[in-house]
Amino acid sequence: MSIIKYKKIFLSIAGLLVLASIIGLFAFGLNFSVDFTGGSVLEVSYSERPENSAVENIVDRYTGGKFTVRPVGEQGYSIRTEFLADDIRQELSNDLSVVGGGYTEEKISSVGPVIGNELKNKALVAVGLVVAVIIFFVAFSFRTVSVPISSC
């Protein structure tokens with residue numbers, strides 16, 4: 001089978017996939033993580049890990065439903081929320097310590113919404129620059145090709 005013989009079919013498929021990707025990007029948008037939108041990440045571990053639902057119920061009281069709780073390793077959880085003030089984060093930590101035995105805070109980090117917005121803008125600029133450099137590199141590499149090259 002010659003790829004060149006069926007180039008219209010392959011280019012049509014590629015074009016449809018690119019079009020579907022662009023439509024999906026505008027329809028659903030990008031789902032930026034806590035690093036880009038601002039928020040808090042709390043990693044905790046227990047000697048006796050409690051049920052996921054018990055941790056989710058506690059976190060829900062402080063965040064109003066905008067959070068994720070993921071198990072980490074054998075004994076821990078990673079909790080991502082919107083930005084939490086220090087006093088609220090301390091209350092959350094106190095309530096989480098009651099749920100399971102041997103509670104330990106492994107990592108606490110917060111990114112403010114201003115810093116997150118700046119990171120988002122810089123990431124989009126970086127992606128744009130990389131795409132432009134790739135396009136210029138391909139154009140420079142093939143600048144001497146003036147006629148199509150036969151695949152046979």
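The rules behind the values
- Residues numbered from 1 in each chain as written.
- Predicted model: local features only at pLDDT ≥ 70, side-chain atom pairs only at ≥ 80, totals over all residues.
- Heavy atoms only, no water.
- Helix = DSSP H or I, 4+ residues; strand = E, 2+ residues; numbered from the N terminus.
- Rg over C-alpha atoms; globule rule 2.2 N^0.38 Å.
- Buried < 20%, exposed > 50% of the residue type's maximum accessible area, 1.4 Å probe, protein only.
- Areas by Shrake-Rupley, 256 points an atom, 1.4 Å probe, with all protein chains shown as cover.
- Pairing = 2+ DSSP bridges.
- Axes fitted to C-alpha atoms, helices over the stretch in contact; angles between N-to-C directions.
- Contact = heavy atoms within 4.5 Å.
- Salt bridge = Lys/Arg side-chain N within 4 Å of Asp/Glu carboxyl O.
- Polar contact = N/O pair within 3.5 Å; in protein donor to acceptor, adjacent residues only side chain to side chain.
- Core = buried A, V, L, I, M, F, W, Y, C linked by side-chain atoms within 4.5 Å.

Q: Please explain the overall build of the chain as it appears in this structure.
A: Looking only at helices and strands, one finds 5 helices and 4 strands in the chain. If you list the helices and strands of the chain from N to C, you get α-α-β-α-β-β-α-β-α. Computed over the C-alpha atoms, the radius of gyration of the chain is 24 Å, more than 25% above the 15 Å expected from 2.2 N^0.38 for a compact globule of 152 residues. Taken across its 152 residues, the chain has 20% of its residues classed as buried. Accessible area of the chain: about 11,100 Å², with a carbon and sulfur share of 64%.

Q: Teacher, can you tell me more about the sheet that holds strand β4 (residues 104–111) here?
A: Adjacent strands of a sheet pair through backbone hydrogen bonds, lying either parallel or antiparallel. Strand order in this open sheet of 4 strands is β2-β3-β1-β4, and the pairing throughout is antiparallel. The sheet is open, and its two edges are formed by β2 (67–72) and β4, each paired on a single side. Shown here is a sheet whose adjacent strand axes are inclined to one another by a mean of 15°, direction ignored. Where strand β1 (residues 39–45) meets strand β3 (residues 76–81), 6 bridges bridge the pair, whose relative direction is antiparallel. Note that in β3 the partner of Ser-45 across the bridge is Gly-76. In the packing of helix α3 (residues 52–63) onto the sheet, contacts are made with β2 and β3, and the angle to β2 comes to roughly 150°.

Q: Just checking my understanding: could you explain the pattern of salt bridges for this structure?
A: For side chains bearing opposite charge, pairing can occur when the charged atoms are close. Inspection of every chain in the model, using the stated rule, returns 2 salt bridges. As a salt-bridge pair, Lys-122 and Glu-118 come within 3.3 Å of each other at their nearest N and O atoms. Remark: Glu-118 and Lys-122 occur in helix α5 (residues 113–141); sequence separation between them is 4 residues, near one turn of the helix. Using a relative accessible area of 54% as the deciding quantity, one classes Lys-122 as exposed.

Q: Please clarify how the side chain of Ser-40 should be interpreted in this entry.
A: Mapped onto the elements of the fold, Ser-40 is located in strand β1. Of note is the side chain of Ser-40, whose polar atom sits 3.2 Å from the backbone nitrogen of Leu-84.

Q: What's the story with the nonpolar core in this structure? I'm lost.
A: A general tendency of soluble globular proteins is for nonpolar side chains to be buried together. Val-44, Val-55, Val-59, Tyr-77, Ile-79, Leu-92 and Leu-96 are the most contacted members of the largest nonpolar core, which totals 13 residues. Of all elements in the fold, only β1, α3, β3 and α4 (86–99) reach the threshold of two or more residues within this core. Among the elements that take part in this core, α3 stands out by supplying 3 residues, more than any other. Not counting chain neighbours up to four residues away, the residues in contact with Val-44 comprise Gln-75, Gly-76, Tyr-77, Ile-79, Tyr-103, Thr-104, Glu-105 and Glu-106.

Q: Would you mind going over the side chain of Thr-63 with me for this structure?
A: Residue position: Thr-63 is located in helix α3. At a separation of 3.0 Å, a polar atom in the side chain of Thr-63 contacts the main-chain carbonyl oxygen of Val-59. Beyond its immediate stretch of four places on either side in the chain, Thr-63 contacts Thr-81 and Leu-84.

Q: What is the right way to read the environment of Val-147 from this model?
A: Residue placement: Val-147 occurs in the segment after α5. Once the C-alpha coordinates of Val-147 and Ile-22 are considered, the two residues, 125 residues apart in sequence, prove to be 31 Å apart.

These values are about where atoms sit, not about what they do.
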